[in-house]
Amino acid sequence: GTAQKLYYRLRQIDYNGTAVYTSIINVDVTRPLSFNLSQNYPNPFNPSTTINFSIPVDAKVKVRIYDILGKEVFQVVNDNLKAGNHLYPVSFENVSSGVYIYSIEATGVDGKTFKSSKKMTLMK
């Protein structure tokens, strides 16, 4: 993955109103170290939410959403993705309220596999 450097300074304001800046801090922003599936946000939601996941290596990724009975409702992703953090907005315009499960299956170019699932709640 491509490394990126970010530079920032913090500004601290004391009770008497004086402001002091810290020295410049540099942070390496590189690819994630592990597979991760985050909780969707917002949750509960109506009608849209975002699914966020990280992959440490380029990988074949499938993300699907199922209803509580296990029937597939959406296929969010079915693609080869680059290492990094990925955000996918999902809209539930014509879907009824309830609890849904979203799951990721990823197979990295290094042969490692990752599976994870989480619940999401649609409240209309």
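In what follows, the structure referred to is the one given above.
In this text, all values refer to a predicted model and were calculated from it rather than measured experimentally.

(A) Layout of the overall build of the protein. When helices and strands are counted, the protein shows zero helices and eleven strands. Ordered by position from N to C terminus, the α and β elements of the protein give β-β-β-β-β-β-β-β-β-β-β. Computed over its C-alpha atoms, the radius of gyration of the protein comes to 19 Å, more than 25% above the 14 Å expected for a compact globule of 124 residues. By its C-alpha atoms, the protein is 60 × 40 × 20 Å across when sized along the principal axes. Relative to its full complement of 124 residues, the protein shows a buried share of 30%. Long-range contacts, defined as pairs at least 24 residues apart, comprise 53% of the intrachain contacts of the protein with a sequence gap of at least 6.

(B) Summary view of the sheet that holds strand β9 (residues 84-91). Taken together, the three strands give an open sheet; going across it, the order is β5-β6-β9, and neighbouring strands pair in antiparallel fashion. Strand pairing shows two members of the sheet lacking a second neighbour, β5 (36-37) and β9, which therefore form its edges. Examined bridge by bridge, strand β6 (residues 48-55) and β9 share eight bridges and lie antiparallel to one another. Pairing of F53 across the sheet is with H86, part of β9.

(C) Representation of the nonpolar core within the structure. I51, F53, V61, I65, F92 and M120 are the most contacted members of the largest nonpolar core, which has 23 residues in total. Residues within four places of F53 in sequence aside, it is in contact with N36, L37, V61, V63, V77, L81, G84, N85, H86, Y88 and I104.

(D) Just the sheet that holds strand β7 (residues 59-67), in detail. Spatially, four strands are ordered β8-β7-β10-β11 in an open sheet, and the strand pairing comes out antiparallel. Because the sheet does not close on itself, it has two edges, and the strands there are β8 (72-81) and β11 (113-122). Across this sheet, the average inter-strand angle for adjacent strands is 15°, counted without regard to direction. In this structure, β7 lies alongside β8, joined through eight bridges in antiparallel fashion. Among the inter-strand pairings, Y66 is bridged to a residue of β8, identified as E72.

(E) Representation of the packing of aromatic side chains. Taken as a whole, this structure holds five aromatic pairs when the rule is applied. Through pairs of rings, three or more aromatic residues link up here, namely F45, F74, F92 and Y100.

(F) Inspection of a nonpolar patch on the surface at higher detail. A cluster of nonpolar side chains, namely Y8, L10 and I25, defines an oily patch on the protein surface of about 260 Å² accessible area. Within the secondary structure, L10 sits in the loop between β1 (4-8) and β2 (11-13). Residue L10 is classed as partly exposed on the basis of its relative accessible area, which comes to 47%.

(G) Spatial organisation of the pattern of salt bridges. By the definition in use, this model includes four salt bridges. The salt bridge involving E105 is made with R64; its shortest N-O contact spans 3.7 Å. One end of the pair, E105, is in strand β10 (residues 98-108); the other, R64, is in strand β7, and 41 residues separate them in sequence. Classification of E105 by relative accessible area gives partly exposed; the value is 33%. The exposure class assigned to R64 is buried, which follows from its relative accessible area of 16%. Between D110 and K112 there is a salt bridge, with its nearest N and O atoms 4.0 Å apart. Relative accessible area serves as the criterion here: at 41%, D110 is assigned to the partly exposed category.

The rules behind the values
- Residues numbered from 1 in each chain as written.
- Predicted model: local features only at pLDDT ≥ 70, side-chain atom pairs only at ≥ 80, totals over all residues.
- Heavy atoms only, no water.
- Helix = DSSP H or I, 4+ residues; strand = E, 2+ residues; numbered from the N terminus.
- Rg over C-alpha atoms; globule rule 2.2 N^0.38 Å.
- Buried < 20%, exposed > 50% of the residue type's maximum accessible area, 1.4 Å probe, protein only.
- Contact = heavy atoms within 4.5 Å.
- Pairing = 2+ DSSP bridges.
- Core = buried A, V, L, I, M, F, W, Y, C linked by side-chain atoms within 4.5 Å.
- Axes fitted to C-alpha atoms, helices over the stretch in contact; angles between N-to-C directions.
- Phe/Tyr/Trp six-rings, centres within 6.5 Å; stacked < 30°, edge-to-face > 60°.
- Patch = residues over 30% accessible without salt bridge, like charges linked within 9 Å, V, L, I, M, F, W, Y side chains within 5 Å.
- Areas by Shrake-Rupley, 256 points an atom, 1.4 Å probe, with all protein chains shown as cover.
- Salt bridge = Lys/Arg side-chain N within 4 Å of Asp/Glu carboxyl O.

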